[in-house]
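Structural overview for review
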Amino acid sequence: MNVIYIMWLRQLKRYVRSRARVVGSLAQPLLYLLAMGYGLGPIFQRAGMGSYRDFITPGLIAMTLLFTSVFSGIELIMDRQFGFLKETLVAPVPRLWIILGRILGGATIAFIQGLIFLCVCLAAGFRWDSLGALPVAFLFMALIGIVFSALGSAIGSALSDAQGFQFIIGFLIMPLFFLSGAMYPLDNLPKALALFTRLDPLSYGVDGLRYSLNGVVHFGLATDFIVLAAVAALLLALSSYLFSRIQV
Amino acid sequence: MLPNDDGSADNRRMIRARNLTRNFGAVAAVRDISFEIKRGEIVAFLGPNGAGKTTTIKMLTTLLKPTSGQIEVDGLDPASQPNEVRKRFGIVFQDPSLDEELTAQENMEMHGALYQVPRQVRAGRVEKLLRLFELWERRREPVKRFSGGMRRRLEIARSLLHTPPILFLDEPTLGLDPQTRNQLWLQVKKLNEEERVTVFLTTHNMEEAERVAHRVVIIDAGRIIAQGSPRELKAQTGSATLEQAFLALTGTTIREEEASAADQLRRMAKAWRR
């Protein structure tokens, strides 16, 4: 337990000390909120769908969580290259504890970033549907953080250098975001697109957040929760397996 | 009772490698080497670049699985009981292994937690070691502000925190000034004499090897080509110094070594910091 805690604490210390990262990872969702939120707002309104800014707020919170958690997982590659990874690999403790500490640390950081972004949205005029559903939103934020922190750690364990980094952003992270329904409603989509959105775990996270923040839901809250929890369990198992096999 | 009857357990073997081989693709980094190290021995592995020294250390320290052959560390097999083996050694890696964003003290404390050093003794030991390697005054600074020598000293201090019975030192004095080198070897000898810590070291500095090692193993192109005390090796080759003996045994050709992707990135990162 102590080992999980110390690895978790390390992630948090590194996060708190890199202010550039804290601010930097808010820049992209903020740009989406302002440019897209207000740019597409009038059309969305005319279509009788209400405020586009309010509609994309849950999606952009999910985006903040996605980016922050995947990056903190992929930080494993940096640890490998700057050498600290070896220190943890020769430690006489199960590697499962080490990777769990890392994943929980990454999820915690993502959660905090998501919270900060929620406050930014509130400042920009967003209002939630009902205050009572806020704990549900927090639950889904935590789940999204764990799922993608585990995914990032699995990638970080499998890759030995940062060469594939750009590839992962382009072919994994951006598709996960754009296919999640963060920017558009999932109703009446073309069949192919609808299929992809169903395969994207982030869709269920966005849906759960949208339920708790906007009061609308597509898949259903129970489905959202079950799918995310199952994917989290699967990715935790995968990342700890890959991490336990690392040789340097 | 016989005078040297201090028990076979006390003179037991700490490390044994039998027919140890490691291939990377088609390249054999270590080819069928066998050696033994007794408790309380200081053994230096010497060899040109790319001879297989670091690969051997990685296999002994559970970081790399051998392609074939057997290893025993204190009677345990690193492949089947990695955590038991890991409890028994401290290691100073050839390349950096600190968390640069954390302070010196935090790096030490994290090591203490990872090695489950009891909380009651942890703080005291951290202070003692940081003072010993003259880092105590700067314990609250992040490691990224440390010079190369200070980082090295911190890594050495860290490797001693959990009082391991075996110490692996992979070119520990690389980039250190003579004062720090001297301090390091004094400490290593002291630990060896007082607590019978077994030391496995690699170095390119023949004077150092001659000064501290009881026994020298010369390895070249993945094979052990000679071993014995520095005196025996000099006698065997008719050389005046260990350096001459080394050159007589390994030849004078300069070895090429390819940089791994990690080395390249590290170099880039270094360039960025300037």
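Residues numbered from 1 in each chain as written. Chains lettered and ligands numbered in written order. Predicted model: local features only at pLDDT ≥ 70, side-chain atom pairs only at ≥ 80, totals over all residues.

**Concerning the overall build of chain A**
Along the backbone of chain A there are eleven helices and zero strands. Traced from its N-terminal end to its C-terminal end, chain A shows the element sequence α-α-α-α-α-α-α-α-α-α-α. Relative to the 2.2 N^0.38 estimate, which gives 18 Å for 248 residues, the radius of gyration of chain A is 18 Å and therefore close to what a compact globule would have. With the C-alpha coordinates aligned to their principal axes, the bounding extent of chain A is approximately 60 × 35 × 35 Å. Here chain A holds 248 residues, and 48% of them are scored as buried. Within chain A, contacts between residues separated by at least 24 positions form 83% of all contacts whose residues are at least 6 apart in sequence. (Helix = DSSP H or I, 4+ residues; strand = E, 2+ residues; numbered from the N terminus. Rg over C-alpha atoms; globule rule 2.2 N^0.38 Å. Buried ≥ 20, exposed ≤ 12 C-beta atoms within 10 Å, placed from the backbone. Contact = placed C-beta atoms within 7 Å.)

**Digging into the overall build of chain B**
In terms of helices and strands, chain B carries ten helices and nine strands. Evaluated residue by residue, chain B yields a buried proportion of 39% over its 274 residues. Restricting to contacts in chain B with at least 6 residues of sequence separation, those with at least 24 account for 67%.

**Let's talk about the interface of chain A and chain B**
Listed as interface residues are 25 residues of chain A and, on the opposing side, 26 residues of chain B. Secondary structure elements with two or more residues in the side of chain A that touches chain B: helix H1 (2-17), helix H4 (52-82) and helix H5 (84-89) of chain A. Top contributing element to the side of chain A that touches chain B by residue count: H1(A), with seven residues. Tallied by class, residues from the side of chain A that touches chain B come to eleven nonpolar, six polar and eight charged. (Nonpolar A, V, L, I, M, F, W, Y, C, P; charged D, E, K, R; others polar.)

**Section: the packing of helix H6 (residues 95-123) of chain A against helix H7 (residues 134-158) of chain A**
Residues and elements named next belong to chain A. For the pair H6 and H7, the least separation of the axes is 8 Å and the interaxial angle reads 130°. Relative to H7, the element H6 is oriented oblique. In terms of crossing hand, the pair formed by H6 and H7 is right-handed. Each of Ile-99, Arg-102, Ile-103, Gly-106, Ala-107, Ala-110, Phe-111 and Gly-114 in H6 lies in contact with H7, whose residues at this interface are Met-141, Ala-142, Gly-145, Ile-146, Ser-149, Ala-150, Gly-152 and Ser-153. (Axes fitted to C-alpha atoms, helices over the stretch in contact; angles between N-to-C directions. Parallel < 35°, antiparallel > 145°, perpendicular 65-115°, else oblique. Left-handed = near helix turned anticlockwise from the far one by under 90°.)

**Description of the pairing of strand S2 (residues 27-38) of chain B**
Here strand S1 (residues 13-24) of chain B pairs with S2(B) via eight bridges, running antiparallel. Residue pairing across strands places B:Asn23 opposite B:Ala28, the latter belonging to S2(B). (Pairing = 2+ DSSP bridges.)

**Considering the pairing of strand S9 (residues 223-228) of chain B**
Where strand S8 (residues 215-220) of chain B meets S9(B), five bridges bridge the pair, whose relative direction is antiparallel. Note that in S9(B) the partner of B:Ile219 across the bridge is B:Ile224.

**Overview of H4(A)**
Residues spaced three or four apart along an α-helix point in a common direction, a consequence of the helix completing one turn every 3.6 residues. Residues and elements named next belong to chain A. The first and last C-alpha atoms of H4 sit 43 Å apart over 31 residues, in line with the 45 Å expected at 1.5 Å per residue. The buried fraction of H4 is high, at 27 of 31 residues. One or two positions beyond H4, positive phi appears at Gly-83, with a value near 100°. (Expected span 1.5 Å × (residues − 1).)

**Some details on unusual backbone geometry**
Excluding glycine, most residues fall at negative phi; most peptide bonds, likewise, are trans. Residues and elements named next belong to chain B. Look at Thr-163: it is not a glycine, yet its phi comes out positive at around 40°. Notably, Ala-221 is not glycine yet its phi reads approximately 50°, a positive angle. Note on placement: Ala-221 falls in the loop between S8 and S9. Residue class for Ala-221 comes out partly exposed when judged on the 16 C-beta atoms lying within 10 Å of it.

**Let's talk about the confidence of the model for chain B**
Averaged over every residue, the pLDDT of chain B is 89; the share at 70 or more is 89%. The model gives residues 1-8 of chain B a pLDDT under 50, and that stretch makes zero contacts with residues more than four places away or in other chains. (pLDDT = per-residue confidence, 0-100.)

**What to know about the environment of B:Arg223**
All names here are of chain B. Its location among the elements puts Arg-223 in strand S9. Sequence spacing of Arg-223 and Leu-20 is 203 residues, and the spatial spacing of their C-alpha atoms is 9.9 Å. If sequence neighbours within four positions are ignored, Arg-223 has contacts with Arg-31 and Ile-33.

**A closer look at H1(A)**
In this model H1(A) runs 22 Å from its N-terminal to its C-terminal C-alpha over 16 residues, within 8% of the 22 Å that 1.5 Å per residue would give. For H1(A), the set of buried residues is A:Val3, A:Ile6, A:Met7, A:Trp8, A:Arg10, A:Gln11 and A:Tyr15. Those residues of H1(A) hidden inside the fold are in contact with helix H2 (19-39), H4 and H6 of chain A together with helix H3 (104-114) of chain B.

**Here we look at the sheet that holds strand S3 (residues 42-46) of chain B**
Residues and elements named next belong to chain B. Sheet architecture is open: six strands sit in the order S5-S6-S7-S3-S8-S9, paired in mixed fashion. The open sheet has two free edges, formed respectively by strand S5 (89-92) and S9, since each of these has just one partner strand. In this sheet, adjacent strand axes meet at a mean angle of 15° when their direction is disregarded. Taken strand by strand, helix H5 (residues 148-160) contacts S5 and strand S6 (166-170), and its axis lies near 175° from that of S5. The strands touched by helix H9 (residues 242-250) within the sheet are S3, S8 and S9, with S8 carrying the most contacts at an inclination of about 35°.

**Brief notes about the packing of H2(A) against H6(A)**
Residue and element names in this part refer to chain A. Here H2 crosses H6 at 35°, and the two axes come no closer than 11 Å. Once H2 is placed against H6, the crossing between them reads as right-handed. For the pair formed by H2 and H6, the contact residues are Ser-25, Leu-26, Pro-29, Leu-30 and Leu-33 on the first element and Gln-113, Ile-116, Phe-117, Val-120 and Cys-121 on the second. For the contact of H2 with H6, the per-class residue count stands at eight nonpolar, two polar and no charged.

**Examining the environment of A:Ser203**
Residue and element names in this part refer to chain A. Inspection of the secondary structure puts Ser-203 in helix H10 (residues 201-214). Given 24 C-beta atoms within a 10 Å radius, Ser-203 is considered buried. Sequence separation between Ser-203 and Tyr-15 is 188 residues; the distance between their C-alpha atoms is 27 Å. Among all residues touching Ser-203, those that are not within four sequence positions of it are Ser-180, Gly-181, Thr-197 and Arg-198.

**Section: the sheet that holds S2(B)**
All names here are of chain B. Ordered in space as S2-S1-S4, the three strands form an open sheet in which the pairing is antiparallel. On the outer flanks of this sheet lie S2 and strand S4 (68-73), each paired with one strand and no other. Ignoring strand direction, the axes of neighbouring strands in this sheet form an average angle of 15°. When S1 meets S4, the two strands line up antiparallel, connected through five bridges. Considered in S4, the bridge of Arg-18 is made with Gln-70. Relative to the sheet, helix H1 (residues 53-60) contacts S1, S2 and S4, its axis offset from that of S1 by approximately 120°.

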